[in-house]
Amino acid sequence: MEQFTMAQGIPVQIFDSQKGEKTILLLHGYLETLSVWEEFAAELIKSGFRIVSIDLPGHGMSGTHHDINSMEFIADIVNEILDKLNIEQVFVTGHSMGGYAALAFAKKYAGKTKALCLFHSTPNPDRDEKKANRDREIQLIKEGKLESVINLSIPKMFAKDNVKRLSEKILEIEENASIAEPEGIIACLQGMKEREDMNPFLKEFTKPLLFIFGTKDNHISMEVANGLIESFPKAEKLILENSGHAGFIEEPETALEGFISFANKLLSR
């Protein structure tokens, strides 16, 4: 069920399936809302997991910090919500920007982190070119062009081959993205731009780790993906051959099979 709570001084919309002994936390990406996980979460619930997800600060129905929604700020919100739900440990899964927040949570709240999945996400910081792109988006949004940013960004989440097939889902994500206040999106762009390099932390991370990448991702090349797989040989990996940056929508059956297999294995320990 969906509900609102206050965390770190802002209203946050959360979804909590409530039932299930083992909890999976799903953190969505930039310009998304918790509803992006709807079909994927439903299948996980059928498999017996308790699912918790939230509208991240600046997105959906949640409030925002006025200046910057740092990844650590989001981690603190997640921690406060878990405390309110009396959840002691979670398998933290983050899509894209949600992965950056998941890493911040795992670093700051190691005792509550059962395992970590970076779903089309990396521990890498923004390079100068990416920071410049974020600055351009910030400027566009300040000029009242958030809708244009949304309409350009959301389709790029998907492999070119999948855009037509998933046009209704893309439109739904775009419509949900438009609910956000411009200042909240800008604060998240600032948070992503200023996030730290999490590779050193991940090198010391001893919990189970799963990378999920798509071979047709417009944001994470296979060169980058393979570099991470090589850097973290103990991590498990799932490569989605026909996905871009949204494999839980583009290849849901394959993504679910690999994800649930990993979850069952680690949560049985």
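Our subject is the structure that appears above.
Residues numbered from 1 in each chain as written. Predicted model: local features only at pLDDT ≥ 70, side-chain atom pairs only at ≥ 80, totals over all residues. Heavy atoms only, no water.

Caption draft 1: Broad picture of the overall build of the chain. The helix and strand inventory of the chain stands at 11 helices and eight strands. Over its C-alpha atoms the chain spans a radius of gyration of 17 Å, differing by no more than 12% from the 18 Å that the globule rule assigns to 269 residues. Projected onto the principal axes, the alpha-carbon positions of the chain cover approximately 50 × 40 × 35 Å. Residues classed as buried in the chain amount to 57% of the 269 residues present. Across the chain, the fraction of contacts at a sequence separation of at least 24, relative to all contacts at a separation of at least 6, is 76%. Taken as a whole, the chain presents about 12200 Å² of accessible surface, with 49% of it coming from carbon and sulfur. Placing the 30 positive and 41 negative side-chain charges of the chain at their respective mean positions leaves the two points 4 Å apart. (Helix = DSSP H or I, 4+ residues; strand = E, 2+ residues; numbered from the N terminus. Rg over C-alpha atoms; globule rule 2.2 N^0.38 Å. Buried < 20%, exposed > 50% of the residue type's maximum accessible area, 1.4 Å probe, protein only. Contact = heavy atoms within 4.5 Å. Areas by Shrake-Rupley, 256 points an atom, 1.4 Å probe, with all protein chains shown as cover. Lys, Arg positive; Asp, Glu negative; His and termini not counted. Charge placed at Lys NZ, Arg CZ, Asp CG, Glu CD.)

Caption draft 2: Summary view of the nonpolar core. Core analysis: the largest hydrophobic core is formed by 94 residues, its most contacted members being Leu44, Leu116 and Leu202. With residues near it in sequence (within four places) discarded, leucine 44 still touches Ile24, Leu26, Phe49, Ile51, Leu256, Phe259 and Ile260. (Core = buried A, V, L, I, M, F, W, Y, C linked by side-chain atoms within 4.5 Å.)

Caption draft 3: Spotlight on the layout of surface pockets. Of the voids in this model, the largest pocket is the one considered here, and its volume is about 1100 Å³. If you go around the largest pocket, you meet 36 residues; those closest to its centre are Lys130, Asn133, Arg134, Asn218 and His219. Where the lining of the largest pocket is concerned, the elements lending two or more residues are helix H3 (97–108), helix H4 (128–142), helix H5 (146–153) and helix H7 (182–193). When residues in the lining of the largest pocket are grouped by element, the largest group, seven residues, is from H4. Its residues placed into classes, the lining of the largest pocket shows 14 nonpolar, 12 polar and 10 charged. By volume, the second largest pocket is sized at about 330 Å³. In terms of lining residues, the second largest pocket is bounded by 16 residues, among which Phe205, Thr206, Lys207, Lys234 and Ala235 are the most central. Partitioning the lining of the second largest pocket into residue classes produces eight nonpolar, two polar and six charged. (1 Å grid on protein atoms, 1.4 Å probe; cavity = no way out; pocket = protein on both sides within 12 Å on 5 of 7 lines; lining within 4 Å. Points joined across faces, edges and corners; volume = space filled by probe spheres on them. Nonpolar A, V, L, I, M, F, W, Y, C, P; charged D, E, K, R; others polar.)

Caption draft 4: Representation of the side chain of histidine 245 in the model. As for its position among the elements, histidine 245 is in the loop between strand S8 (236–240) and helix H10 (247–250). Taking relative accessible area as the criterion, histidine 245 reaches 4% and is therefore assigned buried.

Caption draft 5: How the structure looks around the packing of H4 against H5. Relative to each other, H4 and H5 sit at 135 degrees, their axes nearing to 7 Å. It follows that H4 is oblique to H5 by the angle criterion. Counted together, Glu137, Leu140 and Ile141 of H4 and Leu146, Val149 and Ser153 of H5 form the full contact between these two elements. In terms of residue class, the contact of H4 with H5 is made up of four nonpolar, one polar and one charged. (Axes fitted to C-alpha atoms, helices over the stretch in contact; angles between N-to-C directions. Parallel < 35°, antiparallel > 145°, perpendicular 65-115°, else oblique.)

Caption draft 6: How the structure looks around the environment of serine 35. Along the chain, serine 35 falls in the loop between strand S3 (23–27) and helix H1 (38–46). With 80 residues separating them along the chain, serine 35 and alanine 115 place their C-alpha atoms 23 Å apart. A distance of 3.0 Å separates polar atoms of two side chains, one belonging to serine 35 and the other to asparagine 176. (Polar contact = N/O pair within 3.5 Å; in protein donor to acceptor, adjacent residues only side chain to side chain.)

Caption draft 7: Up close: empty space enclosed by the protein. Evaluated as defined, the whole model comprises two cavities of 30 Å³ or more. Lining of the largest cavity is provided by Met71, Glu72, Tyr100, Leu103, Ala104, Thr122, Pro123, Asn124, Arg195, Glu196 and Met198. Taken together, the elements giving at least two residues each to the lining of the largest cavity come down to helix H2 (71–84) and H3. Across the lining of the largest cavity, the residue classes break down as six nonpolar, two polar and three charged.

Caption draft 8: Region of the structure containing H4. For H4, which comprises 15 residues, the first-to-last C-alpha distance of 21 Å matches the rise-based estimate of 21 Å (1.5 Å per residue) to within 8%. Restricting attention to buried positions, one finds in H4 the residues Arg134, Ile138 and Ile141. Buried residues of H4, viewed axially, fall in a sector of 65 degrees; they line one side. Across from the buried face of H4, at angles greater than 90 degrees, the exposed residues are Asp128 and Glu129. Where H4 is buried, its residues touch H3, H5 and H7. In the stretch just after H4, glycine 144 is the one whose phi turns positive, near 85 degrees. (Expected span 1.5 Å × (residues − 1). Arc of directions from axis to C-beta.)

Caption draft 9: View of the pairing of strand S5 (residues 90–95). For S5, a buried count of six out of six residues is recorded, marking the element as mostly surrounded by other parts of the structure. Residues Val90, Val92 and Gly94 line one face of S5 and the alternating positions Phe91, Thr93 and His95 line the opposite face, and both faces are buried. Pairing of S3 with S5, which is carried by four bridges, proceeds in the parallel orientation. The residue of S5 that forms the bridge with isoleucine 24 is phenylalanine 91. With respect to chirality, the unit in which S5 leads through H3 into the neighbouring parallel strand S6 (residues 113–119) is right-handed. (Pairing = 2+ DSSP bridges. Right-handed = clockwise from strand over helix to strand, strands pointing away.)

The values are spatial; any link to function lies outside them.
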